[in-house]
Amino acid sequence: MGVGFFSQQPLRVGSVAGSLEANFLSSMRRALILGALAAVLLAFTLGVFLARTISRPLRELTGATQRMAAGELGIQVPVRTNDEVGELADSFNQMSLDLAQATQARRQMTADIAHDLRTPLSVILGYTEALSDGKLSGAPETYDVMYKEAQHLSHLIDDLRLLSLADTGELPLNRRPVAPRDLLARTAAAHQPQAAKKEIDLQVAAAATLPEIDVDPDRMAQVLNNLVSNALRHTPQGGRVTLSAAQKNGRLLLTVADTGAGIPPGDLPYIFTRFYRGDPSRSRAARQQNGESGLGLAIARSIVNVHGGTISVDSTVGEGSTFTIALPLTS
């Protein structure tokens, strides 16, 4: 019996331990595999989501660019994010809008130029044809009309050339230091006879101690002459036009103020636009009678911009207008 007791099968501790270890390792492998699969699935899902988030606005931008290249202007794409892609979409929208507005302005200007060129040419051609056919006899009045139409045509062409040079930065400037008071006094002297004829008080208010400005005096005189001519034209008898200068915030301000009819608020944003006809009195016939081309204020702005300055206007209907030119001071 004792021998039988000792002959029993011994306990296999190693096998039990090995079985537990094997189960643990198997569970770990399953967990790692499942975790890896979950990570891959999550990464794939996030990748697809991010790819679509980025590619969708890019596809929209690509399509809008292709449509713009085909001639469809003013296209807008939705801004879906606030990141760099959203900034790109916002910049594209602004560019598209600016391009559409610029194209429309160019088309309108081309139509206005064609209109203003066609009218004097038609008059001249009509008179010359009538004279050539003997239907009209030569007379001083006939030649005077033809001369004025040719003058208007020449003035318009010169103004367009000046604008073209200013827009491309090729307008020649003969800069030199000029005292602001001398510049204003020169302008006032040129328009004093016209002001006296209309009984308008033309004044100059500028201190002789103001610092000099580095400008082309002839070009700036052209700007001031245009502003003063407009002021005298729209100021009633007994009114006042004041040319002044002052120093403010490191810039020299030249001001032309009148007590005239003023400019309607709806016209103020557009008065420096070429050929703008907000005021009925500035119709083609009226401009021609006054020797205008309809480009005076646009030219004034271009010349001031070339000098590194700005021009603006404040106006109240029935009280008058104030045009202000801000120029950098001579260093």
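Here, every reference points to the structure presented above.
Before going into details, it helps to say that this report is about the structure given with it. All of these numbers come straight from a predicted model, not from anything done at the bench. Along each chain, residue indices are assigned from 1 in the same order as the chain's sequence is written. The predicted origin of the model limits local features to residues at a pLDDT of at least 70 and limits the giving and counting of side-chain atom pairs to 80 or more, whereas totals for whole chains, interfaces and linings rest on all residues. Where side-chain values are given, they derive from all heavy atoms of the structure, hydrogens and water being excluded.

1. Considering the sheet that holds strand β5 (residues 251–258)
Point 1. Any two strands between which DSSP finds at least two bridges are classified as paired. The helix count covers DSSP runs of H or I at least four residues long, the strand count covers runs of E at least two residues long, and both are numbered beginning at the N terminus. Pairing is mixed in the open sheet, where five strands are placed in the order β2-β4-β5-β7-β6. Both outer strands of the open sheet, β2 (201–205) and β6 (310–316), are each paired with one neighbouring strand and no more. Strand-to-strand twist of the sheet, defined as the mean angle between neighbouring strand axes without regard to direction, takes the value 15°.
Point 2. Should any heavy atoms of two residues lie within 4.5 Å, those residues are counted as being in contact. Angular values range over 0 to 180 degrees, each being the angle between N-to-C directions of two axes fitted as lines to C-alpha atoms, with helices fitted over their stretch in contact. Sitting on the sheet, helix α8 (residues 296–306) touches β6 and β7 (320–328), and the angle it makes with β6 is about 140°.

2. What to know about the packing of aromatic side chains
Point 1. What counts as a ring pair is set by centres within 6.5 Å for rings of Phe, Tyr and Trp (its six-membered ring), and what kind of pair is set by the plane angle: stacked under 30 degrees, edge-to-face over 60, tilted for all other angles. A full pass over the atoms with the stated rule returns one aromatic pair.
Point 2. Aromatic pair Phe 272 and Phe 323: ring centres 6.2 Å apart, planes at 85°, arrangement edge-to-face. Here Phe 272, found in the loop between β5 and α7 (284–289), pairs with Phe 323, found in strand β7; they are 51 residues apart in sequence, far enough to count as distant.
Point 3. Burial here depends on accessible area, computed with a 1.4 Å probe over protein chains only, as a share of the maximum for the residue type. Under 20% is buried, over 50% is exposed, and the range in between is partly exposed. By relative accessible area, which is 7% here, Phe 323 ends up buried.

3. With respect to the pattern of salt bridges
Two side chains bearing opposite charge may form a pair once their charged atoms approach each other closely.
Point 1. When a carboxyl oxygen of Asp or Glu is within 4 Å of a side-chain nitrogen of Lys or Arg, the pair counts as a salt bridge. Enumeration over the complete set of coordinates arrives at four salt bridges.
Point 2. One salt bridge connects Arg 67 with Glu 72, and the closest N-O pair in it is separated by 2.6 Å.
Point 3. Its salt-bridge partner being Asp 218, residue Arg 186 comes within 3.0 Å of it at the nearest N-O pair. A residue pair is termed long-range when its members are at least 10 positions apart, and Arg 186 in helix α5 (residues 180–197) and Asp 218 in helix α6 (residues 217–234) qualify at 32 residues.

4. What about the nonpolar core?
Point 1. Remark: nonpolar core denotes a set of buried residues (Ala, Val, Leu, Ile, Met, Phe, Trp, Tyr, Cys) joined through side-chain atoms within 4.5 Å. In this structure, Leu 227, Val 241, Leu 254, Val 256, Phe 323, Ile 325 and Leu 327 are the most contacted members of the largest nonpolar core, which totals 47 residues.
Point 2. The dominant element in this core, judged by the number of residues it contributes, is α6, at seven residues.
Point 3. The contacts of Leu 227, once residues within four sequence positions are left out, are Val 256, Leu 297, Ile 311, Phe 323 and Ile 325.
Point 4. One finds Ala 64, Met 68, Val 77 and Phe 92 within the second-largest nonpolar core, a separate group that totals seven residues.

By themselves these figures say nothing about function.
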